[in-house]
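What follows is the residue order along each chain.
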Amino acid sequence: MCGIIGIIGKSEVTPLLMEALKRLEYRGYDSAGVATLVDGGIERRRAEGKLANLQDLLERQPVSGRIGIGHTRWATHGVPNEKNAHPHATDKAAVVHNGIIENFQELRDDLEAGGRRLASDTDSEVVVHLITRYLEEGLAPEAATAAALRRLQGAFALGIVFAGQHDLMIGARRGSPLAIGFGGGEMYLASDALALAPLTGRIMYLDDGDQAVITGAGATVRDAAGGRVERPV
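A. Layout of the packing of helix α3 (residues 104-113) against helix α4 (residues 125-136). Contact geometry of α3 with α4 gives a least axis separation of 10 Å together with a crossing angle of 45°. By the angle between their axes, α3 is oblique relative to α4. The two elements α3 and α4 meet at a crossing, and its hand is left-handed. Contacts between α3 and α4 pair Phe104, Leu107, Arg108, Asp110 and Leu111 from the former with Val126, His129, Leu130 and Arg133 from the latter. By residue class, the composition of the contact of α3 with α4 is 5 nonpolar, 1 polar and 3 charged.

B. Local environment of the sheet that holds strand β5 (residues 88-89). In space, the 7 strands of this open sheet follow the order β5-β6-β7-β8-β12-β13-β14, with antiparallel pairing throughout. The open sheet has two edge strands, β5 and β14 (228-229), and neither has a second partner. Summarising the sheet, strand β13 (residues 218-222) and β14 pair through 2 bridges and their orientation is antiparallel. Within β14, the residue paired with valine 221 across the bridge is valine 229. Lying over the sheet, α4 contacts β5, β6 (93-101) and β7 (154-162), oriented at roughly 135° with respect to β6.

C. The pattern of salt bridges, seen in detail. One pass over the full model with this rule turns up 11 salt bridges. A salt bridge links aspartate 110 to arginine 133, with the shortest nitrogen-to-oxygen separation between them at 2.9 Å. Placement of aspartate 110 in helix α3 and of arginine 133 in helix α4 is noted, with a sequence separation of 23 residues between them. Judged by relative accessible area, which is 29%, aspartate 110 ranks as partly exposed. Note that arginine 151 is salt-bridged to aspartate 110, the shortest N-O span being 3.4 Å. Placement of the pair is arginine 151 in the loop between α5 (141-149) and β7 and aspartate 110 in helix α3, with a sequence separation of 41 residues. Taken together, the salt bridges that share partners define one network made up of Asp110, Arg133 and Arg151.

D. Quick peek at the side chain of arginine 108. Within the fold, arginine 108 resides in helix α3. Take arginine 108: its relative accessible area is 12%, and that puts it in the buried class. A polar contact is formed between the side chain of arginine 108 and the backbone oxygen of serine 120, at a distance of 2.9 Å.

E. The arrangement of the pairing of strand β12 (residues 211-215) in detail. A large share of β12 lies buried, amounting to 4 of its 5 residues. Two strands pair when backbone bridges link them, and strand β8 (residues 169-174) and β12 are joined in this way by 4 bridges, in the antiparallel orientation. From the neighbouring strand, alanine 172 faces β12, where its bridge partner is glutamine 211. Of the strand pairs in this sheet, β12 and β13 are connected by 5 bridges, and their pairing is antiparallel. Looking at β13, one finds that glutamine 211 is bridged to arginine 222. Linking β12 to β13, which pair antiparallel, is a turn of 2 residues.

What counts and what doesn't
Residues numbered from 1 in each chain as written. Predicted model: local features only at pLDDT ≥ 70, side-chain atom pairs only at ≥ 80, totals over all residues. Heavy atoms only, no water. Axes fitted to C-alpha atoms, helices over the stretch in contact; angles between N-to-C directions. Helix = DSSP H or I, 4+ residues; strand = E, 2+ residues; numbered from the N terminus. Parallel < 35°, antiparallel > 145°, perpendicular 65-115°, else oblique. Left-handed = near helix turned anticlockwise from the far one by under 90°. Contact = heavy atoms within 4.5 Å. Nonpolar A, V, L, I, M, F, W, Y, C, P; charged D, E, K, R; others polar. Pairing = 2+ DSSP bridges. Salt bridge = Lys/Arg side-chain N within 4 Å of Asp/Glu carboxyl O. Buried < 20%, exposed > 50% of the residue type's maximum accessible area, 1.4 Å probe, protein only. Polar contact = N/O pair within 3.5 Å; in protein donor to acceptor, adjacent residues only side chain to side chain.

Such coordinate-based values are descriptive only and should not be taken to indicate function.
Structure (structure tokens):
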């Protein structure tokens, strides 16, 4: 299973993302990556192989930012290499994904027929391109994500950040677990609580079908029907 971490922080998040990914190594993986927002734009660093390779890359090409997502990937679609490593991104959003999008080929064909060029061989990349399509049509991030989720078949846990949105992260789950951590003016998202243990002791687990809008002040959760719900912390 892939590992997901997301952080909205008060200081540089890349070191915290890397520490959390190390705690997710037990899941097994063959590539890893992080993405942060720098001056409103999405910056990514990805590497094949172990986290040490990603760490070496980050030492040569540092990336800053107070909001970011990270991922350890176990290849299912496409070989383990840099282009297939998460996060996947466009100029408007970046996504990390755990699970399998069963109808990805249908979605990919539709996206490419509309003129979009996908860079990887993964099923996951269709998610960020779907979200981007809806953003370009004028939908706000939460609505664009909800519209994209309605088209997905399969299992997923997702962490999403958006260009120009330094205080916004969206998480969603269907079939794959996802936890939200609450800190003092900081918020966290992870595929399991182990990744969050050193960061916070206050954790909310999303129910199947939930979508969470996360800011530094907290999280708003809506269920599969779009109604606002409260999940225990």
